[in-house]
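As a plain string of letters, each chain reads:
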Amino acid sequence: MNAWPASGDTNSPSKGGPITSRTWIRVGLAMFAVGFGTNLFAPMLEVYRDQDGISEASVTAMFGIYAAGLVPALLIFGPISDHYGRRAVVRPALILVAVASGILAAGSEAPEWVLYVGRWIMGFGVGMAMSSGSAWIKQLCVDRPSAGPRRATIVLSAGFGGGPLIAGQFAEFLPGPQITPYLLHIALVIVTIPLVWGVPETQFPTEGRVKRPPLVPRIALTGRFFWAVAAWAPWVFGTATVAFTSIPGFVTDTVEYPVAYLGLISGVGMFSGVFIQPVAAKLATHGWLPLSVVGLGAASVGLVLGAVAIELNSALLVVPAAIILGCSYGIMMVSGLREVEIIAEPHELGALIGVFYTLTYTGFAVPFVLAVLGPFVGDLLGIGPVRGFIACLAFGVVVCLVSTVPVARAASRAVPHPRREV
């Protein structure tokens, strides 16, 4: 790809200045703002439960419907940005996530369905930005091209953790808890828009018709991919979302500032996932267990700790549970991307990564499923809704442990191609 086209190209980088070693930071700030709005909703669950009287099932459904917007955008707008350029996707994505926060802010005085719409639009905008912004950062890293994916992951993950951490404090201690956090996000996006608007384009519109490869490559339909990746991929975000949306909700009555507490737990969980990733990458090279098995083991420990915290009604014990579940998220994210790189042929790598991300984001539905199943299991077993939820967590532990054997076998078979460096 030529990063410096003829001057007549309307997307010429000369119109946005030369690409330097720091140009990527401007897109990185925009991606941080996008990630900030993603999990901003987590501490708001307590606000909607306590002040607006919305049920647990409804608020977790609002949280999870985000993935229903993100997944199609993730799959669709990556190829679009390849064809029409990164700016053509990232610019409207930033505007869209700001509009979504505006709708969510207005949702406190509107029917409940407005919140669902706002969350879906937020997911769609984030999917647009993730699929194109990450590629844009990678192409802008002219100083260290290999550092592009890591830099994109860091800025996004910092937004994922920083959003709920800061928003929880705003919603707890400032007036207008249903509005103020969203206004903060809108202001953040407004600040980043002019920074990213003139960033040089790195992917130029292609001429003529381009044959589009299938969204789902054939390797994704094999048993090898199923056990090596797909069987556990939903746990990637399933563990993280359970850590900061489901488990803490059972102990918020024991803390003085529940919204700030939820924001803290969300931030702790997500940042744990960020900090563990370099360790996981080293473990993948030198460890004696497949990384996916390590992630499933961490998920099992975290779910057990979460169940104990609920049983003891201990807000303090939720903290290590969130840390371990966050580490599980980070480990399995690294493991999944590594397994995909091993399994995929070079011409299928991008598509298979998209499939992996799609599977991971189905984990956003886990809190809603637990919110529905917990009371049902509690009634069925005659143990009450709280212990019914604990029983569901225990079942999740069993699933994780049982699946380690076939997952380990599949991971051991997914050996690198002798001509491909891992």
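- As annotated in an unreviewed UniProt entry, the protein chain carries the name MFS transporter and is attributed to Kocuria atrinae.
- On record in UniProt, under Subcellular location (unreviewed entry), the comment for the protein chain is "Cell membrane".

1. Structural notes on the overall build of the protein chain
Then comes step 1: When you go through the protein chain residue by residue, the secondary structure sums to 15 helices and zero strands.
Then comes step 2: Within the protein chain, buried positions represent 53% of all 422 residues.
Then comes step 3: In the structure as shown, the protein chain presents an accessible area of about 17800 Å², 68% of it carried by carbon and sulfur atoms.

2. Looking at the pattern of salt bridges
Then comes step 1: Applying the stated criterion across every chain yields a total of three salt bridges.
Then comes step 2: In this structure, Arg-49 engages Glu-46 in a salt bridge whose closest nitrogen and oxygen atoms are separated by 3.3 Å. Of the two residues, Arg-49 and Glu-46 are both situated in helix α2 (residues 41–50); the distance of three residues between them amounts to about one turn of the helix. Of the two residues examined, Arg-49 and Glu-46, each falls in the buried class.

3. Thoughts on the side chain of Thr-180
Then comes step 1: As for its placement among the helices and strands, Thr-180 is situated in helix α7 (residues 180–197).
Then comes step 2: Residue class for Thr-180 comes out buried when judged on its relative accessible area of 17%.
Then comes step 3: Contacts of Thr-180, omitting those with residues within four sequence positions, involve Phe-170, Leu-174 and Pro-175.

4. What about unusual backbone geometry?
Then comes step 1: Backbone geometry places Asn-313, a non-glycine residue, at a positive phi of 55 degrees.
Then comes step 2: Within the element layout of this structure, Asn-313 appears in the loop between α11 (291–312) and α12 (315–343).

5. Looking at the confidence of the model for the protein chain
Then comes step 1: Summing up the model confidence of the protein chain, the mean pLDDT is 84 and the portion of residues at 70 or higher is 88%.
Then comes step 2: Looking over the protein chain, one finds the lowest element-wise mean pLDDT in helix α13 (residues 349–361), namely 78, and the highest in α7, namely 94.
Then comes step 3: Below a pLDDT of 50 lies the segment residues 1–15, which in the model reaches 25 contacts outside its immediate sequence neighbourhood of four places, other chains included.

6. Observations concerning α11
Then comes step 1: With 22 residues, α11 ought to run about 32 Å at 1.5 Å a step, and its terminal C-alpha atoms sit 32 Å apart, in line with that.
Then comes step 2: Of the residues flanking the end of α11, it is Asn-313, one or two places downstream, whose phi is positive at about 55 degrees.

7. Examining the side chain of Thr-239
Then comes step 1: Positionally, Thr-239 belongs in helix α9 (residues 235–246).
Then comes step 2: Take Thr-239: its relative accessible area is 0%, and that puts it in the buried class.
Then comes step 3: For Thr-239, the side chain forms a polar contact with the main-chain oxygen of Val-236, separated by 3.2 Å.
Then comes step 4: Leave out the neighbours within four places in its chain, and Thr-239 touches Ala-299, Leu-325, Ser-328, Tyr-329 and Met-332.

Parameters and conventions
Residues numbered from 1 in each chain as written. Predicted model: local features only at pLDDT ≥ 70, side-chain atom pairs only at ≥ 80, totals over all residues. Heavy atoms only, no water. UniProt positions renumbered as here; feature names shortened; annotations may be inferred. Helix = DSSP H or I, 4+ residues; strand = E, 2+ residues; numbered from the N terminus. Buried < 20%, exposed > 50% of the residue type's maximum accessible area, 1.4 Å probe, protein only. Areas by Shrake-Rupley, 256 points an atom, 1.4 Å probe, with all protein chains shown as cover. Salt bridge = Lys/Arg side-chain N within 4 Å of Asp/Glu carboxyl O. Contact = heavy atoms within 4.5 Å. pLDDT = per-residue confidence, 0-100. Expected span 1.5 Å × (residues − 1). Polar contact = N/O pair within 3.5 Å; in protein donor to acceptor, adjacent residues only side chain to side chain.

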